[in-house]
Amino acid sequence: MSDTIALRLTAIDKRFGPVHANRGASLVVHAGEIHALVGENGAGKSTLMKILSGMMPVDSGTIEVGGRDVTGWTTADAIAAGVGMVHQHFMLVPTLTVAENVVLGREPVTGGRFDRARAEHDVKMLCEQSGLDVPPDRLVADLSVGEAQRVEILKLLYRGARTLLLDEPTAVLSPPEVAELWKVLRRLRDGGATVVLITHKLDEVMAVSENITVMRAGETVATMATRETSPEKIAKAMVGRDVDLAVRNDRPPATAAHGTAALEVRHLVVRGARIEKAVHDVSFSVAAGEILGIAGVEGNGQTELLEAIAGIRNVTSGTIVLGGQDITRRSVHTRGEAGLSHIPEDRHRRGLILDYSVAENLILGQQHRYTTSGLLDRDAIEQHARHCTIEYDIRPADPSLPARALSGGNQQKIVIAREMSRAFTVLLAAQPTRGVDVGAIEFIHAELRKARNNGKAVLLVSAELKEVLTLSDRIAVMYGGRLVAMFSRSEASEEVIGPFMTGAKRERVA
Amino acid sequence: MTTNARTRTLIEESVLPPLVALVVALVAGDLLIMAYGQSPGVVWRTLLEGTWGNSYGFGQVLYKATTLTCTGLAVAVGLRAGLFNIGAEGQLAAGGFGAGLAGLLLPGGTPAVIAIPVCVFAAVAAGGAVGSVPGILRARFGAHEVIVTIMLNFIVLALLNYLVSAKLHVPETLHTPEIHAGAVPRLSAAFAAFHGSAANWTIVIVLLAAALLWWFLFRTRAGYELRAVGLQPAAAEYAGIRGGRVWFNALVTSGALAGLGGINFVLGYKHYYEDGFTGGAGFLGIAVALIGRNNPVGVVFAALFFATLSQGGLAINAMVPKQIVEVLQGIVIIAVAAAVPEVRRLLRQSVSKRKPA
């Protein structure tokens, strides 16, 4: 790390209507360092990076790159100056090869025609230099998520980027892929590149960064050297108060009704969007008073499995039994009445209606309970909303606000409040803490434990291995649509489970 | 977010785009009028005087706005459910025909308290029946309602044309004989000032329908579910709402509302069904819904606005071609379509510029 300043953002201000996304945020990144930008969801990290990469204009403030004032530049200017961003959602053409994707927009041309051989050669050289290992002639559609991400980075390097901005790059990766990414980033840094890493995972920050900037509520509240700080200090800066990060190894009370299978899935086969058997002959059961966690890299059938149990995806074959009742072909409504509660993985698409008020969202799926002879019972809805905003600490505590106006963590609290405050025996919790700040994670975990301790059966699916390990009484691993392993809590650890998640091991079939 | 900020957002989102569109249209209109060598001020004044300035013109505006409110509500309820009903023209015609047919079938001398509801019901049922076709096709087979409703317009209009010209017409005309019962009295019967204008008591029925639709959308469980399906179908599915049923109901309701508009001409004005009476009011309903932001209250105001332009076009015809108002209508529609996100962005930028860094 040199002392040259690569990036300097000063007093950045950005508003989206009533939302003040950046309030005078500042960021200094030195050339040749890996700099972590951390903060809870809605803290304004992504906005700051989008401003830096030229995707959005600032309302006020200045951006300097390499000592030059570039305020108001465009993405094209940014790329020309060697600043590029890897987005959470990949921007690749699946029907083109790796090499074609990398050179897209800057294709090598010989005699007026696309020179495929040269493109592949160039990309191969680039792969070797950077340590990013992807076969240039493969179709992007056939790549794993980790490989696709490498292609995104290659695209930037091909365009001569020396400053890489990565937005939550590990959200979709398995632990070995994460380790691989760190290797690549370190190698790039050692080659003189500057990396800004957006994340809210503290272990990542500690593992790979040199310096850390913490954002909270649109402001940059702290800058620290990784060597001199601790996860507790970072978490405190992120949330603005002390946070208990320790993994509590609690057990359910002995009185919990153990043993009765509240939810049972037998030989379930479910069709996916592109795959015939996204869920492939899966059988398991969840007992009352137990949390069964399903670990696995995203896209291995977890989504389809939960949607099938929830009743929003058709089952090809197999049976789903809820409290002794076969619900395989029942409607969502019937399942709900039979005691099924569901925290869906995508709150923006399924879990909430963003333009509905908090109060309206708090009855979604329960609207029939708040209706008298066809009319919405507005008093009951309001009362329920007031109760929930207090009980589940939804902020701001104004149920008439549209859900869109709340931060990610508070939006998730709406979903949690709704699904936990109703009568249920089985809870499906899909990615319950995705994109949620540290404080809210703590709260949501406590709620899941509380449900378990109250004798509910909880089926937890999470891409965060740590979360699954922390909460679950038993842990199943899903890979390629199948349950490839089942562990008791005492047997499970990241080291044991990791190889099953990547498909390197597949025995112990439950 | 404070109440203040929320009010501001509401204004930015719902009120400002139509107003900006109006200003843009006025400026464009100024240029067009000047191109004809006329003074914009004089032309606009004539337009206003010919519409809101005298009771006959105002009556005509009310008459035209009544039909447009119906077709606007029809399109709006579809859009609230996430469906684009282009078929209001055919549904409006079908409603008019239904009302006319009922009025013909009823014996002369049937008391109005029976005849009018029967005829109104016939109009609503006819429009709803036409709407049920795209409803079933969408709910059952996933057929896109835009294609179905466009095609259905041709079928319905051609069918009605055949029925009227081959079976029911008065010789030498393209309209049916006069209805025996079910006529809705004109406003001029109660308020002499409206004398000569086509405005009739249908407007009260239509305003009631608008109020009822508002109440349905925002106060009933079915309305909650309908809007949920329109806003986020995946979330509605998650909530156990059956999208197919909502789509079907929305398209039937949409057709019924458009059909209701048919009584304005048939029961309230001419007392017979005439081929081609719709004159594009069904299609203009799309613009009315758009400007009215799919809100029943907004639709009523948007209908008044378009009715004013349409009637005003006749008033200024001596100075400039009346087609100028059609150009204006087009500009308003384009401007609103463009203004929605644009206005807000511009506003934000100007606000932040005024603020010291």
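These figures come from a predicted structure and were not determined experimentally.

**Student:** Mind laying out the overall build of chain A, listing which residues take part and the relevant values?
**Tutor:** A count of helical and extended segments in chain A gives 17 helices and 24 strands. If you line up chain A on its principal axes, its C-alpha atoms span 70 × 50 × 45 Å. The buried share of chain A, reckoned over its 510 residues, is 47%. Long-range pairs, those at least 24 residues apart, make up 67% of the contacts in chain A between residues at least 6 apart in sequence.

**Student:** I'd like a description of the domain arrangement of chain A, backed by residues and values.
**Tutor:** Structurally, chain A comprises domain 1 (5-239), domain 2 (262-339 + 423-501) and domain 3 (358-422). Between the C-alpha centres of domain 1 of chain A and domain 3 of chain A the distance comes to 37 Å.

**Student:** Explain helix α8 (residues 231-239) of chain A to me, and be specific about the residues and the numbers.
**Tutor:** Residue and element names in this part refer to chain A. Looking only at α8, the buried set comprises Ile234, Ala235, Ala237, Met238 and Val239. On its buried face, α8 is in contact with β3 (34-39), α7 (202-208), β11 (211-216), β12 (219-225) and α15 (438-453). Where α8 ends, the next residue or the one after it, Gly240, has phi of about 90°, a positive value.

**Student:** Can you lay out the pairing of strand β10 (residues 194-199) of chain A for me, pointing to particular residues and giving the numbers?
**Tutor:** Every regular strand shows the same layout, with side chains that alternate between the two sheet faces. Residue and element names in this part refer to chain A. Within β10, six of the six residues are buried, which leaves it mostly tucked inside the rest of the structure. In β10, alternate side chains face the same way, and those of Thr194, Val196 and Ile198 on one face and Val195, Leu197 and Thr199 on the other are all buried. Pairing between β3 and β10: five bridges, direction parallel. Bridge assignment links His35 to a residue of β10, and that residue is Val196. Across five bridges, the pairing between strand β9 (residues 163-167) and β10 is parallel.

**Student:** Please give an account of the interface of chain B and chain A that cites residues and values.
**Tutor:** Contacts between chain B and chain A engage 22 residues on the former and 30 residues on the latter. For the side of chain B that touches chain A, the secondary-structure elements that each account for two or more residues are α1 (3-35), α8 (221-231), α9 (233-238) and α13 (323-354) of chain B. For the side of chain B that touches chain A, the residue count by class is eleven nonpolar, five polar and six charged.

**Student:** Break down the sheet that holds strand β17 (residues 325-326) of chain A for me, citing the residues and quoting the values.
**Tutor:** All names here are of chain A. If you trace the four strands from one edge of the open sheet to the other, you get β14-β13-β16-β17, paired in antiparallel fashion. A single partner strand is all that each edge strand has here, and the edge strands are β14 (279-287) and β17. Across six bridges, strand β13 (residues 261-270) lies against β14 in antiparallel orientation. If you follow Leu268 over to β14, its bridge partner there is Val282. Of the strands in this sheet, β13, β14 and β16 (315-322) touch helix α9 (residues 302-310), which is tilted by about 120° from β13.

**Student:** So what's going on with the environment of Asn161 of chain B? Residues and values would help.
**Tutor:** All names here are of chain B. Within the fold, Asn161 resides in helix α6 (residues 145-168). Residue classification places Asn161 among the partly exposed residues on the basis of 14 C-beta atoms within 10 Å. Spatially, the C-alpha atoms of Asn161 and Ala338 are 37 Å apart, while their sequence positions differ by 177 residues.

**Student:** Quick rundown of the packing of helix α3 (residues 55-80) of chain B against helix α10 (residues 243-270) of chain B? Include the residues and the values.
**Tutor:** To characterise two packed helices, one gives the angle between the axes of the helices and the distance between these axes. Residues and elements named next belong to chain B. Where α3 meets α10, the closest approach of the two axes is 7 Å, and the angle between their N-to-C directions is 170°. Relative to α10, the element α3 lies roughly antiparallel. Here Tyr63, Thr66, Thr67, Cys70, Thr71, Leu73, Ala74, Val77 and Gly78 of α3 come into contact with α10, specifically with Ala250, Leu251, Thr253, Ser254, Gly255, Leu257, Ala258, Leu260, Gly261, Asn264, Phe265 and Tyr269. Partitioning the contact of α3 with α10 into residue classes produces twelve nonpolar, nine polar and no charged.

**Student:** Lay out the pairing of strand β21 (residues 426-430) of chain A in plain terms, naming residues and giving numbers.
**Tutor:** Residue and element names in this part refer to chain A. Taken across its five residues, β21 has five buried, putting it largely inside the fold. The side-chain alternation of β21 yields two buried faces, one formed by Val426, Leu428 and Ala430 and the other by Leu427 and Ala429. Relative to β21, strand β18 (residues 340-343) is paired through four bridges, and the arrangement is parallel. Across the sheet, the residue bridging to His342 is Leu428, located in β21. Pairing of β21 with strand β22 (residues 457-461), which is carried by five bridges, proceeds in the parallel orientation. Following the sheet pairing, Leu428 is matched in β22 by Leu459. In terms of handedness, the path from β21 via α15 over to β22 forms a crossover that is right-handed.

**Student:** Which residues make up helix α2 (residues 40-51) of chain B, and what values go with them?
**Tutor:** Residue and element names in this part refer to chain B. For α2, built from twelve residues, the straight-helix expectation of 16 Å at 1.5 Å per residue is met to within 8% by its first-to-last C-alpha distance of 17 Å. Within α2, the full set of buried residues consists of Val43, Leu47, Gly50 and Thr51. Down the axis, α2 shows its buried residues gathered within 95° of arc, on one side only. Exposed side of α2, more than 90 degrees from the buried face: Gly41 and Val42 are the residues found there.

**Student:** Account for unusual backbone geometry, naming residues and giving values.
**Tutor:** Residue and element names in this part refer to chain A. Cis geometry is adopted by the peptide bond preceding Pro396, which originates at Arg395 and carries an omega value of -5°. Here Pro396 is to be found in the loop between α13 (378-391) and α14 (408-420). Phi is positive for His267, close to 45°, though the residue is something other than glycine. Tracing the backbone through its elements, the reader meets His267 in strand β13. Positive phi, close to 40°, is recorded for Ser373, a residue that is not glycine.

**Student:** I'd love a proper account of the environment of Arg350 of chain A, names of residues and values included.
**Tutor:** Among the secondary structure elements, Arg350 of chain A is positioned in helix α11 (residues 347-351). Along the sequence, Arg350 of chain A and Thr170 of chain A sit 180 residues apart, while their C-alpha atoms lie 23 Å from each other. Setting aside chain neighbours within four positions, we find Arg350 of chain A in contact with Pro344 of chain A together with Ala234, Ala235 and Tyr238 of chain B.

**Student:** Any details on the sheet that holds β21 of chain A? Residues and values, ideally.
**Tutor:** Residue and element names in this part refer to chain A. Strands sit in the order β18-β21-β22-β15-β23-β24 across an open sheet of six strands; the sheet is mixed. Across the chains shown, the open sheet's two edge strands, defined by having one partner strand only, are β18 and β24 (482-488). Pairs of neighbouring strands in the sheet enclose a mean axial angle of 20°, with direction left out of account. Packed on one face of the sheet, α14 meets β18 and β21 and runs near 175° to β18. Sheet strands in contact with helix α17 (residues 494-501) are β15 (290-295), β23 (474-479) and β24, and its direction is about 25° off that of β23.

Parameters and conventions
Residue indices follow the written sequence of each chain, beginning from 1 at its first position. By the order in which they are written, chains take letters starting at A while ligands take numbers starting at 1. Owing to the predicted nature of the model, reporting of local features is limited to residues with pLDDT of at least 70; listing and counting of side-chain atom pairs is limited to 80 or more, with chain, interface and lining totals taken over all residues. Secondary structure counts use DSSP, requiring at least four H or I residues in a row for a helix and at least two E residues in a row for a strand, with both numbered from the N terminus. Each residue is classified by how many other C-beta atoms fall within 10 Å of its C-beta atom, where C-beta atoms are placed from the backbone; a count of 20 or more means buried, 12 or fewer means exposed, and values in between mean partly exposed. Placing a C-beta atom from the backbone of each residue, one calls two residues in contact when those atoms lie within 7 Å. Where each domain starts and ends follows an automatic or database-derived domain assignment. In this description, strands pair whenever DSSP reports at least two bridges between them. Classification convention: Asp, Glu, Lys, Arg as charged; Ala, Val, Leu, Ile, Met, Phe, Trp, Tyr, Cys, Pro as nonpolar; all other residues, Gly among them, as polar. Every angle, taken between N-to-C directions, lies between 0 and 180 degrees, and every axis is a line fitted to C-alpha atoms, over only the stretch in contact when it is a helix. An angle counts as roughly parallel when it lies under 35 degrees, as roughly antiparallel when it exceeds 145, as roughly perpendicular when it falls between 65 and 115, and as oblique in every other case. For the handedness criterion, the strands are oriented away from the viewer, and a crossover whose path from the first strand over the helix to the second runs clockwise is classed as right-handed. Under the convention used throughout, the expected extent of a helix is 1.5 Å for every residue step, that is, one less than its residue count. In this description, the arc belongs to the directions extending from the helix axis to the C-beta atoms.

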